[in-house]
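Overview (structure and organization)
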Amino acid sequence: MKNVHKALIAVVITAIMVMLSVSVVTTAAGSNASLLNARSSVLTSATNTTSQTSSDTLYISPGPSPAYVDDFNPFSPYNPPSGIDSLFYEPLYQINAYNGTAIPWLATNYSWSANDTVLTFHLRQNVTFSNGDPFNATDVVFTFNMEMQDINEYSYLSSVKAMGNYTVIFNFKTADVPDFYYIASNWILPESQWQGVTSPLKQVITNPIGTGPYVLSSFSPQEIILVKNTHYWQPNEPHIPKIEYIDYTSNNALVLALADGQVDWAPVFSPNITSLFVNKDPTYNHYFFPQGQTVNLLTNDLEWPFNQSFFRVALSLSINRTQISSIGEYGYELPANAANIMQQQEFWLNSTNQNLSKSLAQYNTSEALSILESHGYYMSGGRLYAQNGTEIPTITLMTVAGYTDWDSDVSIISQNLKSIGLNVNIVTPTSTEVTQDIATGNFQMAQEVVTSAGPNPWYDYTGIGGPVPALGTAALTNEMRWNSSGTGFYRAYESFRSTSNPATQKQLINDMAGVMLKDMPVISLVYSADWYEYVNKTIGGFVTPSNNYWIPLSWDPGIMEVVALHLYVKSSPSKSTFALSADDYYIIGGVVAAVVVIGGVYGTMVSRSRKKNGGKGKEKEE
């Protein structure tokens, strides 16, 4: 089964759901435990999933799961149904991790000072929590201090202080500009409900209270109902009066429900999505798979011949990415650029790096052989030999057992590499074994995702470079064991932390990209697809290819609220215009004339779970 855009986190979700099953034991935590766990007065009895759909209700699935969990702890945002928490809790800024767009949310603006070591936010006024309590700087300071003290987050901060009711000042120990978005994306919690809680991570929340557009109405393991938050701060929002989360336990069941119009918004993988879903009602049934971060071919750079950068470049030129895209990935995942950055972020590259990134991603075995020959390698009898006459031994290429598209990908790569005289042996261990072998350096080549995610390439490059872990030692970063010393890559990467200047940022990104293209420590193959289906028969305002205003992932707890607030009931007299105007949008990126610069991540809650690889990975297909 491959769902929720190949997220490794989905495997974790499944494990959690199996362990927690239907019921959750409430953990007392401080004097306010009863307030945190008491069901809201708006709660009504749960209904069953056999009820007929309603034209004024948005039906959501975040992907298949055994059962929903009655716990809406914001520090466990992937409790099923994943994504629902972002309809209760809100951040200071909403951030689009594809292209760097940011929307002021609970904050209206921010500024850097003191050589980028002091960050000041000005908060939105006249905002209340769903229980009617006012929102102000006290709640922001409390939230961050609780996380710093009780969860050991934000170690780069020395203090968080309020200046009046609507200004918050974050003092950094040293300049670390990219961490702006870890801060800006953090959900803000009401002090009145969380004070006295000593173990936030363990607290079970059955009555979520936040500033978000919806409140919990009813819960059952198969169905959750949300209704409008009558205290919501955005005028005339939300436009959808009720949201229902309906649980489906398999991809097949979810695809059928979509085709029958029982679900309006879902992320599901199917190799036959057109015939099984779109063709059932082509007027209203649609899918759109935006391209996410890159899927990579890793080489163990401590082993010969992979320790030679020219050899890695030759490998890149010997791989037919178009074939991988069309055959291995059903055409859903497009060929990636060689700079190993997201498709939406190529505008960061200067013309030289853009051209080189495209050319090194082309299938060009003649150029690959020319590079190898210029370093003394030669072909004889269909095999590749080094200058000293040593035949390149059979190479082991690893991928996870059961990932049928990746099975096809590595088969294509194996055939491609024969054209430069390489013999490849494919092995398919379990997901756990692959993860462990890559971490400890027990591999030669492997297909995996090692990049992070965020709206500029600095985040894409997080985890690449830095100290070289010894073989046999579990690596948290630089699993390919690339020796970047002397290349200038890590120097540029670290320098990026210390500047909010757009021009300087762009130069540093191009410095890093130039090294990536020359040394090729990671070979990008395709962009991972973000699965997204929608039915717009009764609900309008969805993200479309022609109106691609936000990331449309119903399962992502860091980003889905923006899409939810764009949606409206078609039969309603007035459709959603989204309360925040175009003037409230900022573009994150040094090449765009804008107020806000530097990139970010999906959200602090998401980034905690995606520290290693941005939440991307694979899940077994059925």
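Now for a description of the structure that goes with this document. Keep in mind the model is a prediction, meaning the values are calculated, not measured.

This part covers the pairing of strand S3 (residues 101-104). Side chains Thr101 and Ile103 project from S3 onto one buried face, and the interleaved Ala102 and Pro104 project onto a second face that is buried too. Of the pairings in the sheet, the one linking strand S2 (residues 93-95) to S3 comprises 3 bridges and is antiparallel in character. Bridging across to S3, Tyr93 finds its partner in Pro104. Taking the residues that link successive antiparallel strands as the turn, the S2-S3 hairpin has 5 residues, and the phi of Gly100 there is positive, at about 90°.

Attention shifts here to the nonpolar core. Phe121, Phe170, Ile183, Leu226, Tyr245 and Trp265 are the most contacted members of the largest nonpolar core, which totals 86 residues. Ranked by residue count, the leading element in this core is helix H3 (residues 137-150), at 7 residues. The next biggest cluster of nonpolar side chains, apart from the first, holds 69 residues, and it includes Val313, Tyr459, Tyr461 and Met480.

A separate point is the sheet that holds strand S19 (residues 522-529). Pairing is mixed across the open sheet formed by 5 strands, whose spatial order is S17-S16-S18-S13-S19. One side of each edge strand has no neighbouring strand; the edge strands of this open sheet are strand S17 (424-427) and S19. Ignoring which end each strand starts from, the neighbouring axes of this sheet average 25° apart. Inspection of the sheet shows strand S13 (residues 291-299) paired to strand S18 (residues 445-448) by 4 bridges, in the antiparallel sense. Each residue of the ladder has a partner; that of Leu297, found in S18, is Gln447. The strands touched by helix H8 (residues 309-317) are S13, S18 and S19; relative to S19, the strand with the most contacts, the crossing angle is about 35°.

Enumeration over the complete set of coordinates arrives at 48 aromatic pairs. A ring pair is formed by Tyr110 and Phe121, whose centres lie 5.9 Å apart and whose planes are at 45°; its orientation type is tilted. Linking Tyr110 in strand S4 (residues 107-113) with Phe121 in strand S5 (residues 118-123), this pair joins segments that are 11 residues apart in sequence. Here a set of aromatic residues connected by ring pairs shows up, and it is made of Tyr93, Tyr110, Trp112, Phe121, Phe144, Tyr154, Tyr156, Phe170, Phe172, Phe180 and Tyr181.

Opposite charge on two side chains makes pairing possible when the charged atoms of those side chains draw close. Under the defined criterion, the tally for this structure stands at 5 salt bridges. One salt bridge in this structure joins Asp301 and Arg312, with 3.8 Å as the shortest N-O distance. Here Asp301, found in the loop between S13 and H8, pairs with Arg312, found in helix H8; they are 11 residues apart in sequence, far enough to count as distant. A salt bridge links Arg497 to Glu494, with the nearest nitrogen and oxygen atoms 3.3 Å apart.

The next thing to look at is the environment of Ala137. With respect to the element layout, Ala137 can be found in helix H3. Using a relative accessible area of 0% as the deciding quantity, one classes Ala137 as buried. Note: C-alpha distance between Ala137 and Asn165 (28 residues apart in sequence) is 5.1 Å. In this structure, Ala137 is in contact with Leu123, Ala162, Gly164, Asn165, Tyr166, Thr167 and Val168, ignoring residues within four places of it in sequence.

A word on the packing of helix H10 (residues 351-359) against helix H16 (residues 502-519). Their axes nearest at 10 Å, the elements H10 and H16 cross at an angle of 30°. Classed by the angle they form, the pair H10 and H16 counts as roughly parallel. Read as a crossing pair, H10 and H16 show a hand that is left-handed. Taking contact as the criterion, the partners of Asn353, Leu356 and Ser357 in H10 are, on H16, Asn510, Ala513, Gly514 and Leu517. Looking at the contact of H10 with H16 residue by residue, the classes come out as 3 nonpolar, 4 polar and no charged.

Let us now look at the sheet that holds strand S7 (residues 167-172). Spatially, 4 strands are ordered S4-S5-S7-S6 in an open sheet, and the strand pairing comes out antiparallel. Among the strands making up the open sheet, the edge pair consists of S4 and strand S6 (157-162). Put simply, the sheet's adjacent strands are angled 15° from each other on average, direction ignored. Two strands pair when backbone bridges link them, and S5 and S7 are joined in this way by 5 bridges, in the antiparallel orientation. When the bridges of S7 are listed, Leu119 appears paired with Phe170. Packed on one face of the sheet, H3 meets S5, S6 and S7 and runs near 155° to S6.

Among the secondary structure elements, Asn510 is positioned in helix H16. Overall, Asn510 belongs to the buried group, its relative accessible area being 7%. Those residues in contact with Asn510 that lie beyond four places of it in its chain are Trp348, Leu349, Asn350 and Asn353.

For H8, the buried fraction is high: 8 of the 9 residues fall into the buried class. Within H8, burial applies to Phe310, Phe311, Arg312, Val313, Ala314, Leu315, Ser316 and Leu317.

Okay, the packing of helix H9 (residues 321-328) against helix H12 (residues 404-417) next. In the contact formed by H9 and H12, the axes pass within 9 Å of each other and the chain directions differ by 150°. With respect to each other, H9 and H12 are oriented roughly antiparallel. Remark: the crossing between H9 and H12 carries right-handed chirality. Contacts between H9 and H12 involve Gln323, Ile324, Ile327 and Gly328 from the former and Asp405, Ser408, Asp409, Ile412, Ile413 and Asn416 from the latter. A per-class count over the contact of H9 with H12 returns 4 nonpolar, 4 polar and 2 charged.

A few words now on the pairing of S7. Across the 6 residues of S7, 5 count as buried, placing the element largely inside the fold. Two elements, S6 and S7, share 5 bridges in a ladder whose sense is antiparallel. What sits directly across from Ser159, in S7, is Asn171. As consecutive antiparallel partners, S6 and S7 are separated by 4 residues, and within that stretch Gly164 has a phi angle of approximately 80°, a positive value.

Mapped onto the elements of the fold, Pro267 is located in the loop between strand S11 (265-266) and helix H7 (273-276). Considered as a pair, Pro267 and Ile60 are 207 residues apart in the sequence and their alpha carbons are 9.5 Å apart.

This next bit is on a nonpolar patch on the surface. Judged by side-chain polarity, Leu302, Val468 and Leu471 come together as a nonpolar surface patch covering roughly 230 Å² of accessible area. Within the secondary structure, Leu302 sits in the loop between S13 and H8. Overall, the relative accessible area of 40% leaves Leu302 in the partly exposed class.

The next point concerns unusual backbone geometry. Cis geometry is found at the peptide bond from Pro80 to Pro81, where omega equals 10°. Note on placement: Pro81 falls in the loop between strand S1 (57-60) and S2. Going from Glu237 to Pro238, the amide bond is cis rather than trans, its omega being -5°. As for its position among the elements, Pro238 is in the loop between strand S9 (223-228) and strand S10 (242-246). Here the phi dihedral of Asn340 falls at roughly 65°; this positive angle occurs in a residue that is not glycine.

Calculation criteria
- Residues numbered from 1 in each chain as written.
- Predicted model: local features only at pLDDT ≥ 70, side-chain atom pairs only at ≥ 80, totals over all residues.
- Heavy atoms only, no water.
- Buried < 20%, exposed > 50% of the residue type's maximum accessible area, 1.4 Å probe, protein only.
- Helix = DSSP H or I, 4+ residues; strand = E, 2+ residues; numbered from the N terminus.
- Pairing = 2+ DSSP bridges.
- Core = buried A, V, L, I, M, F, W, Y, C linked by side-chain atoms within 4.5 Å.
- Axes fitted to C-alpha atoms, helices over the stretch in contact; angles between N-to-C directions.
- Contact = heavy atoms within 4.5 Å.
- Phe/Tyr/Trp six-rings, centres within 6.5 Å; stacked < 30°, edge-to-face > 60°.
- Salt bridge = Lys/Arg side-chain N within 4 Å of Asp/Glu carboxyl O.
- Parallel < 35°, antiparallel > 145°, perpendicular 65-115°, else oblique.
- Left-handed = near helix turned anticlockwise from the far one by under 90°.
- Nonpolar A, V, L, I, M, F, W, Y, C, P; charged D, E, K, R; others polar.
- Patch = residues over 30% accessible without salt bridge, like charges linked within 9 Å, V, L, I, M, F, W, Y side chains within 5 Å.
- Areas by Shrake-Rupley, 256 points an atom, 1.4 Å probe, with all protein chains shown as cover.

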